[in-house]
Amino acid sequence: MMFPLLAIAIFGLISTSVSQPTYNSHACLGSSNITASNQFQSNLSSLLDSLSSRSSTNSFYQDSSNGIYSLYLCRGDVPQTTCQTCVANASQQIIQNCQFNQSAIIWYDECILRYSTDDFFGVVQTYPRVLMWNVQNTTSPDEPNVGALALIYNLVDSVPYTGTMFGANESAGNNGSQPRYGLVQCSRDLNSSACSSCLAQLTDASNQCCRGKVGWRILAPSCNLRYEEYKFYQQPSTPVGPTPSVPDSGNGNGGRNTTMIVTITVASFAVVVGLLGLWYYLSYRRNRRRLKDGERSQEILLPNYQGSNQPHFTKEDMQPIDQENSPEMRYFNLTTIRAATNNFSEENKLGEGGFGPVYKGKLLNGDKIAVKRLSMKSSQGIEEFKNEVMLIARLQHRNLVRLLGYCLEGDEKLLVYEYMANTSLDAFLFDPKRRKELDWAKRANIISGTAKGLQYLHEDSRLKIIHRDMKASNVLLDDELNAKISDFGTARIFGGNQIEANTKRVVGTYGYMAPEYAMEGLFSVKSDVYSFGILMLEIISGQKNRGFYQLENSQGLLSYAWKLWIEGKGLELIDPDIVSTFPISDALRWINIALLCVQDDPADRPTMSNVALMLGSNSVTLPKPLAPPHHAGRFMIMSDQSSTKELGTGSQSSEQSSTTVPR
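Read on for an overview of the structure. Predicted, not measured: the structure shown is a model, and the values here were computed from it. (Residues numbered from 1 in each chain as written. Predicted model: local features only at pLDDT ≥ 70, side-chain atom pairs only at ≥ 80, totals over all residues. Heavy atoms only, no water.)

### Brief notes about the state of the cysteines
So, point 1. The final tally for this structure, using the stated rule, is five disulfides.
So, point 2. Between the sulfur atoms of cysteine 86 and its disulfide mate cysteine 111 the distance is 2.0 Å. An S-S torsion of about -85 degrees defines the bridge between cysteine 86 and cysteine 111 as left-handed. On the criterion of sequence distance, the pair formed by cysteine 86 in helix H3 (residues 80-98) and cysteine 111 in strand E5 (residues 111-116) is long-range, its members being 25 residues apart. (Disulfide = S-S within 2.5 Å. Helix = DSSP H or I, 4+ residues; strand = E, 2+ residues; numbered from the N terminus.)

### Observations regarding unusual backbone geometry
So, point 1. Backbone torsion omega between tyrosine 127 and proline 128 reads 0 degrees, so that peptide bond is classified as cis.
So, point 2. Turning to its location among the elements, proline 128 is positioned in the loop between E5 and strand E6 (130-134).
So, point 3. A positive phi angle is found at asparagine 66, which is not glycine, with a value near 55 degrees.
So, point 4. Mapping asparagine 66 onto the fold places it in the loop between strand E2 (60-65) and strand E3 (68-74).
So, point 5. When its relative accessible area of 59% is taken as the criterion, asparagine 66 is described as exposed.
So, point 6. Located in the positive-phi region is arginine 468, a residue other than glycine, with phi close to 75 degrees.
So, point 7. Inspection of the secondary structure assignment puts arginine 468 in the loop between strand E18 (464-466) and strand E19 (475-477).
So, point 8. Residue classification places arginine 468 among the buried positions, given a relative accessible area of 5%. (Buried < 20%, exposed > 50% of the residue type's maximum accessible area, 1.4 Å probe, protein only.)

### Examining the side chain of asparagine 24
So, point 1. Assignment of secondary structure puts asparagine 24 in strand E1 (residues 23-32).
So, point 2. Within polar-contact distance, the side chain of asparagine 24 engages the side chain of aspartate 109 at 3.0 Å. (Polar contact = N/O pair within 3.5 Å; in protein donor to acceptor, adjacent residues only side chain to side chain.)

### Overview of the environment of aspartate 604
So, point 1. Along the chain, aspartate 604 falls in the loop between helix H15 (584-597) and helix H16 (608-616).
So, point 2. Sequence spacing of aspartate 604 and lysine 526 is 78 residues, and the spatial spacing of their C-alpha atoms is 9.2 Å.
So, point 3. With sequence-adjacent residues up to four places away left out, aspartate 604 is seen in contact with Leu596, Gln599 and Leu626. (Contact = heavy atoms within 4.5 Å.)

### A look at the pattern of salt bridges
So, point 1. For the structure on display, the rule yields 16 salt bridges.
So, point 2. The salt bridge involving glutamate 228 is made with arginine 226; its shortest N-O contact spans 3.2 Å. Both residues of the pair, glutamate 228 and arginine 226, count as buried.
So, point 3. Lysine 372 is paired through a salt bridge with aspartate 487; the nearest N and O atoms lie 3.1 Å apart. (Salt bridge = Lys/Arg side-chain N within 4 Å of Asp/Glu carboxyl O.)

Without other data, these values stay purely geometric and don't point to any function.
Here you go:
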């Protein structure tokens, strides 16, 4: 009995081994039903248990109860035991991942499972959509893969009219070329015309995304396509014929018994060897398949519905990103961002500040983005990061950089912004050659736009925001050199009638930092006004405050500007590159405004609405500025990188990514 028992044990091991499903992705959709969470979860669990029990005999089943609709569909080529295991895993995972969401879907290689409080039976749904492709291109990446299209088109034409709405086929390579393999499937709640419509939509999508790829797949709720240059599906099992009878080689029962024992022993041994061989072969094929997927496959996922744990294509995501954006944040998968930025390559790097590098990226639909990769060493927690994201999401103004979305995955904390073709102001202003491109009119427009952006933050938005790190590198320039304020990593929200706050953790950039903030940790809207005044002096003079200190015999830019002003030599502060383009009266007026912003006492500094008014109207009488802080020069010589300083301890460290949330 040893060999048969061993065979049974090995067979059980093989069944367990080969039937483990391969997870692809999932989407948690709709709002979370928190108010009725216990009852909803109980109803959902009961319904999914019912589905799982059906999967032992059915490769497809749909059911509904208590207002929840659900179905599962196993891939047409997988054994029923694999189908059952896949549905069981999917039922567990979808509850763990989506819990109280009113709708969800999960994709495995071997099955798909979905549920919703809306009746989706028989309705074609091609969103959310998961797109995966192999990173290797064909020899002509810009040309359509004719072989792939021909294979997929043939399957798309025939599959809707089959009983299982499933088809897999291969096309033999011509002249020694690589064979090709394709698979298409529709959910069996659809009729033939609906299946055809679903497959046609995904085929059109494949022409846009995958024309030069050696392998790809598109997964949607109602149908899916897959194309590879290796066989990834299983052939139908071949019936095993009867075992030939063994001739009687002797007389009597003893001979027959001996023959029977030998036959059983040999047969058992052969079964064991065969099963071991099959186990090895299937394991090899599975590992080989995973090796190909793991090493050659790249998953491209774009944002999903609010509340989802995973990002996917949605109809909203396919719209151009330069349209009006809703205040809801979009989630970008890390793989999507890696693909868009060429894995954060140096060639795509736009610059680096105290909070981390910024990379240029290009999404699947061609839209350009800027990705800020916050340092992994940041002390900023996940909740603080989320608060920062939601803070920026609520801010909508033409002079603020628009945040498109974010990624929070593993150790990565990424912010995805609209792309600014001309990068930041400092790239122009402090470059001897590019500075000449900024004539007086362009500089005036940048100053005015920055002032309006700060006015919005301080007074006009639903929230009162203190930026705390206003400087040239945080003013970005679009195609027309319009100013947009960026980088809200150090921003603070003020509530109600609050006008100032105190902190022991000073974050910002020395040289732009108001003295009361740098020395005492006291900040308010007037702290931003001070920083804006320093920025104005830099734009007018074309000089960097810290760099200027090194050239002017221990006089920082602010001290030097004040000295020229009280001596009546204000025009000497003007950048020589714009001498021929600026009106003298305007230049002197704007120096006056800048010096009003940097006065020692915060109460003497104007608000940003007053600054915007003074900049926009020459009829407004300007008061005479009082002397700037006598210790201003001290702060000019310190680093112009964003920094953190703990007051009372004397410690100071680089501020890689710091957001202070309201307490």
